[in-house]
Amino acid sequence: MINSKYKNNLNLIFDKLLKTYSYQGWWPFIGYDGVNPTKTGAISGYHPKDYDFPKDTNQKFEIVIGSILTQNTTWPSVEQALNNLNKLVDFDPLSILEFANNNEEPFKNAIRCAGFVNQKTEYLKNIANFYIDLKEDLDKEDEIPSRKDLLNVKGIGNETADSILLFAHKQKEFKVDAYTKRIFTYLGYIKENDSYMSIKNFFETNFSGDVNMFQEYHALIVEHAKRYYSKKPYGVNDKILNEFKI
C-alpha cells in the first residue's frame, strides 16, 4: 500500500535531486552534439533545459526504437545499436519495417549488442507496423497514440509505453522503472510488491510538475539511483535523500 501521508515530499524530493544534479536533458539523440557533463556514464546527445526535442518525426521514432531496445539492457548498448541502425536505415516506421523484413540478418546484427535480438527484432517490426497503421487510419503525420493501443502491441509493456508517450509524444505519463521502485521503497513511500500502475498513479496524482518536469524527474531518479541504488543493500549511503525517509 502506497503511503500518501507524505505525498508533498514527491515535489521536495524532485527539487532536491534537481539542485543536486541539475537539468538532465533527456532523451539523448545519437545525431545531436549536445552533452550533459554532470551525468555519470554516457554524456553525449543530451540537451539540458531545451525542451523542444524531439524536433521532427525521425527523432520521435528514434525514441520509440530506443525505448524498445533499452529493455533489459544498458544505455551504452542501445546507443551502439542505434548508431549501427543509423548506418542502414532511416528512423521512420516504413524504413525500419522494410529493412527488417528484407534484410533480417544485417538488421539483427545491428541490434545484437542490445541483447534479446530475435525478440527485439519482432518488437521493432510490431511497433513499426503500429505507427504505419496509425498514420494511415488517422491521416496525420504526428498523431499521438493512446496508451491502451500501445499496450496492445506485442513487446510494449507499461514502462515502454510510458517511455514512448513521455519522451516521444510529450504526454504526462510517469515512467516507473526498477530505480524508481528501489529509491521509493527505501524511503518508505511504496512497498516492493506495489503494482506498476499504483506507483504510477501515486506520482501522477501527487507530483505537481508539468510534462517537462515529468521527463526530468525520471532522468534524475536514474542518475541518483546509479550512484546509490545499483548494489544491495540499496540506499544505505544515500545522504542526499535521507531527510525524506519515513
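Source: prediction; values computed, not measured.

Here the focus is the overall build of the protein chain. When you go through the protein chain residue by residue, the secondary structure sums to eleven helices and zero strands. Traced from its N-terminal end to its C-terminal end, the protein chain shows the element sequence α-α-α-α-α-α-α-α-α-α-α. With the C-alpha coordinates aligned to their principal axes, the bounding extent of the protein chain is approximately 55 × 35 × 30 Å. Here the protein chain, with 246 residues, has 50% of them falling under the buried criterion. Pairs at least 24 apart in sequence give 65% of the contacts found in the protein chain among residues at least 6 apart. For the protein chain, the accessible area works out to roughly 11,800 Å², and carbon and sulfur atoms hold 46% of it. Here the protein chain holds 31 positive side-chain charges and 33 negative ones, and the gap between their average locations is 10 Å.

Attention shifts here to the environment of N9. When you line up the elements, N9 lands in helix α1 (residues 9–21). Each C-alpha atom, one on N9 and one on G188, is 11 Å from the other, the two residues being 179 residues apart in sequence.

This paragraph deals with the packing of helix α4 (residues 93–102) against helix α5 (residues 104–111). At a minimum axis separation of 5 Å, α4 and α5 run at an interaxial angle of 115°. Taken as axis vectors, α4 and α5 run roughly perpendicular relative to one another. Residue-level contacts link I96, F99, A100 and N102 of α4 to E104, P106 and F107 of α5. Looking at the contact of α4 with α5 residue by residue, the classes come out as five nonpolar, one polar and one charged.

This paragraph deals with the environment of Q59. In this fold, Q59 is placed in helix α2 (residues 57–69). For Q59 and R112, which are 53 residues apart along the polypeptide, the C-alpha to C-alpha distance reads 22 Å. Non-local contacts of Q59, meaning those with residues more than four positions away in its chain, are made with F29, F53 and P54.

Turning our eyes to something else, we now look at α2. Taking 1.5 Å of rise per residue, 13 residues should cover 18 Å, and α2 covers 18 Å from first to last C-alpha, within 8% of that figure. With eleven of 13 residues buried, α2 lies mostly within the body of the structure. Residues Q59, K60, F61, E62, I63, V64, I65, G66, S67, I68 and L69 constitute the buried set of α2. With a side-chain oxygen lying 3.1 Å from the backbone nitrogen of N58, the N-terminal cap of α2 falls on D56.

Enumeration according to the criterion identifies eleven salt bridges in this entry. The shortest N-O distance in the salt bridge between K154 and E122 comes to 3.2 Å. A residue pair is termed long-range when its members are at least 10 positions apart, and K154 in the loop between α7 (147–151) and α8 (158–168) and E122 in helix α6 (residues 117–138) qualify at 32 residues. For E122, a relative accessible area of 34% puts it in the partly exposed group. Taking the shortest distance from any N to any O, the salt bridge between K200 and D162 comes out at 3.2 Å. A residue pair is termed long-range when its members are at least 10 positions apart, and K200 in helix α10 (residues 196–206) and D162 in helix α8 qualify at 38 residues. As far as burial versus exposure is concerned, K200 and D162 are alike and both buried. By sharing partners, the salt bridges in this structure join R147, D162, E173, K200 and E204 into a single network.

Cut-off values and rules
- Residues numbered from 1 in each chain as written.
- Predicted model: local features only at pLDDT ≥ 70, side-chain atom pairs only at ≥ 80, totals over all residues.
- Heavy atoms only, no water.
- Helix = DSSP H or I, 4+ residues; strand = E, 2+ residues; numbered from the N terminus.
- Buried < 20%, exposed > 50% of the residue type's maximum accessible area, 1.4 Å probe, protein only.
- Contact = heavy atoms within 4.5 Å.
- Areas by Shrake-Rupley, 256 points an atom, 1.4 Å probe, with all protein chains shown as cover.
- Lys, Arg positive; Asp, Glu negative; His and termini not counted.
- Charge placed at Lys NZ, Arg CZ, Asp CG, Glu CD.
- Axes fitted to C-alpha atoms, helices over the stretch in contact; angles between N-to-C directions.
- Parallel < 35°, antiparallel > 145°, perpendicular 65-115°, else oblique.
- Nonpolar A, V, L, I, M, F, W, Y, C, P; charged D, E, K, R; others polar.
- Expected span 1.5 Å × (residues − 1).
- Polar contact = N/O pair within 3.5 Å; in protein donor to acceptor, adjacent residues only side chain to side chain.
- Salt bridge = Lys/Arg side-chain N within 4 Å of Asp/Glu carboxyl O.

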